[in-house]
Amino acid sequence: MSAIQTLLCGFYLTVNLAAFVLFAVDKRRAVRHTWRIRERTLLLTALAGGGAGALAAMLLFHHKIRKAKFILVVPLLTLIHLALAAVVFLQTGTI
């Protein structure tokens, strides 16, 4: 694996873990009726590349699954980032 691919994998792993944790924390806070994480922040983590982690947390914790913008935007962002990662891997000749 090239250095760019290694960095890209590390970045996606980190941002997806962060998105997963943010969604889990927000769900816990919602149940406890305490201060919540802004929806904008949750969506920005998906936009930054954490769509897969956000989607996994949404499904695992049943969080934000009734909100149309999350159901539509998070999977779309996940597909976009998967396509971008595929382009990088194809450009470097690994796939």
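Just so we're clear, the structure is a prediction, and the values are computed from it rather than from any experiment.

1. Overview of the pattern of salt bridges
Argument step 1. Under the defined criterion, the tally for this structure stands at 4 salt bridges.
Argument step 2. In this structure, glutamate 39 and lysine 64 form a salt bridge, with 3.1 Å as the shortest nitrogen-oxygen distance. Linking glutamate 39 in helix 2 (residues 39-61) with lysine 64 in the loop between helix 2 and helix 3 (68-91), this pair joins segments that are 25 residues apart in sequence.
Argument step 3. For the salt bridge of glutamate 39 with lysine 67, the shortest nitrogen-to-oxygen distance reads 2.9 Å. Separated by 28 residues along the polypeptide, glutamate 39 in helix 2 and lysine 67 in the loop between helix 2 and helix 3 bring together distant segments of the chain.
Argument step 4. If you follow the salt bridges from partner to partner, you end up with Glu39, Lys64, Lys67 and Lys69 in one network.

2. As for the environment of threonine 34
Argument step 1. Relative to the helices and strands, threonine 34 resides in the loop between helix 1 (3-32) and helix 2.
Argument step 2. Linking threonine 34 and leucine 59, residues 25 residues apart in sequence, is a C-alpha distance of 22 Å.

3. Here we look at the packing of helix 1 against helix 3
Argument step 1. Put simply, helix 1 and helix 3 touch, their axes get as near as 11 Å, and they point 165 degrees apart. If you check the angle between helix 1 and helix 3, you find them roughly antiparallel. As helix 1 runs across helix 3, the sense of the crossing is left-handed. Of helix 3, the residues touching helix 1 (which contributes Ile4, Gln5, Leu8, Cys9, Tyr12 and Phe23) are Phe70, His81, Leu84, Ala85, Val88 and Phe89.

4. Quick look at helix 1
Argument step 1. Along its 30 residues, helix 1 runs 43 Å from first to last C-alpha, staying within 8% of the 44 Å computed at 1.5 Å per residue.
Argument step 2. The complete set of buried residues in helix 1 reads Gln5, Leu8, Tyr12, Val15, Asn16, Ala19, Phe23 and Asp26.
Argument step 3. Where helix 1 is buried, its residues contact helix 2 and helix 3.
Argument step 4. Positioned one or two residues after helix 1, histidine 33 has a phi angle of 55 degrees, which is positive.

5. As for the confidence of the model for the chain
Argument step 1. Of all residues in the chain, 98% attain a pLDDT of 70 or more, and the chain-wide mean is 94.
Argument step 2. Per-element confidence in the chain ranges from a low mean pLDDT of 93 for helix 3 to a high of 97 for helix 2.

6. Quick word on the side chain of histidine 81
Argument step 1. Along the chain, histidine 81 turns up in helix 3.
Argument step 2. Here the side chain of histidine 81 touches tyrosine 12 through a polar contact of 2.9 Å, side chain to side chain.
Argument step 3. Contacts of histidine 81, omitting those with residues within four sequence positions, involve Tyr12, Ala46, Leu47, Ala48 and Gly49.

Rules and cut-offs
Residues numbered from 1 in each chain as written. Predicted model: local features only at pLDDT ≥ 70, side-chain atom pairs only at ≥ 80, totals over all residues. Heavy atoms only, no water. Salt bridge = Lys/Arg side-chain N within 4 Å of Asp/Glu carboxyl O. Helix = DSSP H or I, 4+ residues; strand = E, 2+ residues; numbered from the N terminus. Axes fitted to C-alpha atoms, helices over the stretch in contact; angles between N-to-C directions. Parallel < 35°, antiparallel > 145°, perpendicular 65-115°, else oblique. Left-handed = near helix turned anticlockwise from the far one by under 90°. Contact = heavy atoms within 4.5 Å. Expected span 1.5 Å × (residues − 1). Buried < 20%, exposed > 50% of the residue type's maximum accessible area, 1.4 Å probe, protein only. pLDDT = per-residue confidence, 0-100. Polar contact = N/O pair within 3.5 Å; in protein donor to acceptor, adjacent residues only side chain to side chain.

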